[in-house]
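# Overview (structure and organization)
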Amino acid sequence: MTIKMKVRNVSKLFNDESGEGWKRVQQGQSKEQIFRETGVTVGINNVSFDVNEGEIFVIMGLSGSGKSTLVRTLNGLIPSSAGEIWVDDVDVASCSKEELRKVRREKCCMVFQHFALFPHKTVLDNVAFGLKVNGVPKEERYKRALESLDKVGLDAHADSYPGELSGGMQQRVGLARGLANDPEILLMDEPFGALDPLIRREMQDELVVLQRELKKTIIFITHDLNEALLLGDRIAIMKDGAFVQVGTAQDIVSDPADAYVKAFVADIDRSRVYTASDIAEDASRVPLTARVSDAIAAMDRTETEIIHVVKDGVPAGLLTRSDVESAKTSARVMDIMHAHPPTVPQDAYLNEIYSEAQTGMPLAVTDDDGKLVGVVSAENIFEHLASDEEETGPDSITSAAI
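Residues numbered from 1 in each chain as written. Predicted model: local features only at pLDDT ≥ 70, side-chain atom pairs only at ≥ 80, totals over all residues. Heavy atoms only, no water.

Under an unreviewed UniProt entry, the protein chain has the name Quaternary amine transport ATP-binding protein and belongs to Cohaesibacter marisflavi. According to the UniProt record, the Sequence similarities (unreviewed entry) comment for the protein chain reads "Belongs to the ABC transporter superfamily." (UniProt positions renumbered as here; feature names shortened; annotations may be inferred.)

This is the structure we're talking about:
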């Protein structure tokens, strides 16, 4: 994978003119102690991470954890006190003002929670505004602005004014404005935080769909763990200006780094985190041309009671132990198999496959080409979702200072 942004040992302290706060940070004192004794606020404390090209990297934490300060240092809106922030071959933390302006024009675009649209300008003019500032000719900027509006489904509202749009539509205008410059990196600071829950979920789904097409590098800030789990390829959890854990949603839910993270994930619906491929087991299989004797041998070898029949790797049917034991060993499996076995895509979340699992038959897990990659049973699903008392009991929750 290509690394698009590389952050190394970034810190940000406020009100530290004397340098006393920085000295105490280096001594390992806590954010709370430093503020209490010196009045210095530690916004970011020695944060390092990489963001891969084309991924959604979510930074989440409670209010005051430092996430919004961090995202503003990534494009130089807030200068860091220490560390390096590499966007390709430019260190945003130490580059010239001219280089920084170029990074903001060509590489990084910020999308804020509050839309900051000009009420007296049309939607089209709002989207085209950044292009106008960058000196793009009128015909070209309107063309690009319309293309961006089309991507977010608002091209028909180009001549409307912001006040005529709903909150969700206004946020889409803000997103279109960010996309109009065709940035390589989108920095999104709680962009859906001001929206009603239903509209917020619609925007989350739209962003997922849009990302499949555009494959932008996105750094997304949120305080909502469910939003982080839905959107993030990887998630960083912040506390007191530092990263507590970085990983996939599955990493964080299944193996929380400490009591703080464990309390965060204790009440998460795991069925919306894990996919069929996460819990799939190896699938026993025989080709469509096989005989019953071949199926019996494969069942004995893999110690299974059910086996899938495949054609060119694609599930065509399945057989149970009773099916093969009641048939002649010379019979063809295609003549006795149960055709059209239940299948689910490997990226389907567990909550999406409950109905299929209720058939009582194992589910064939298939890849993008429809080929069999594993098998999931109802027992697999419920065993995986069953919460361990030790993980979700009251002791784990109260032990984290949230």
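In this section: the side chain of N380. As for its placement among the helices and strands, N380 is situated in helix α17 (residues 378–385). When sequence neighbours within four positions are dropped, the list of residues in contact with N380 reads I279, E281 and V375. (Helix = DSSP H or I, 4+ residues; strand = E, 2+ residues; numbered from the N terminus. Contact = heavy atoms within 4.5 Å.)

What follows covers the confidence of the model for the protein chain. Of all residues in the protein chain, 95% attain a pLDDT of 70 or more, and the chain-wide mean is 88. Counting interchain partners and residues more than four positions distant, the pLDDT-below-50 stretch residues 388–402 has 23 contacts. (pLDDT = per-residue confidence, 0-100.)

On to the pairing of strand β12 (residues 306–311). Where strand β11 (residues 285–287) lies against β12, three bridges are found, and the strand directions are parallel. When the sheet's bridge partners are listed, R285 is paired in β12 with H308. On the question of chirality, the crossover connecting β11 to the parallel β12 by way of helix α13 (residues 292–302) is right-handed. Hairpin connection of β12 to strand β13 (residues 314–320): two residues between the antiparallel strands, including D312 at a positive phi of 55°. (Pairing = 2+ DSSP bridges. Right-handed = clockwise from strand over helix to strand, strands pointing away.)

Owing to its 3.6 residues per turn, the α-helix brings residues three or four apart onto one side. With 14 residues, helix α6 (residues 138–151) should reach 20 Å at 1.5 Å per residue; the first-to-last C-alpha distance of 20 Å fits that figure. Within α6, the full set of buried residues consists of R141, A145, S148 and L149. Down the axis of α6, the buried side of the element spans an arc of 100°, and every buried residue falls inside it. The inward-facing, buried residues of α6 contact α5 (123–133) and α7 (167–180). With its phi angle positive at about 75°, G153 sits one or two positions after the end of α6. (Expected span 1.5 Å × (residues − 1). Buried < 20%, exposed > 50% of the residue type's maximum accessible area, 1.4 Å probe, protein only. Arc of directions from axis to C-beta.)

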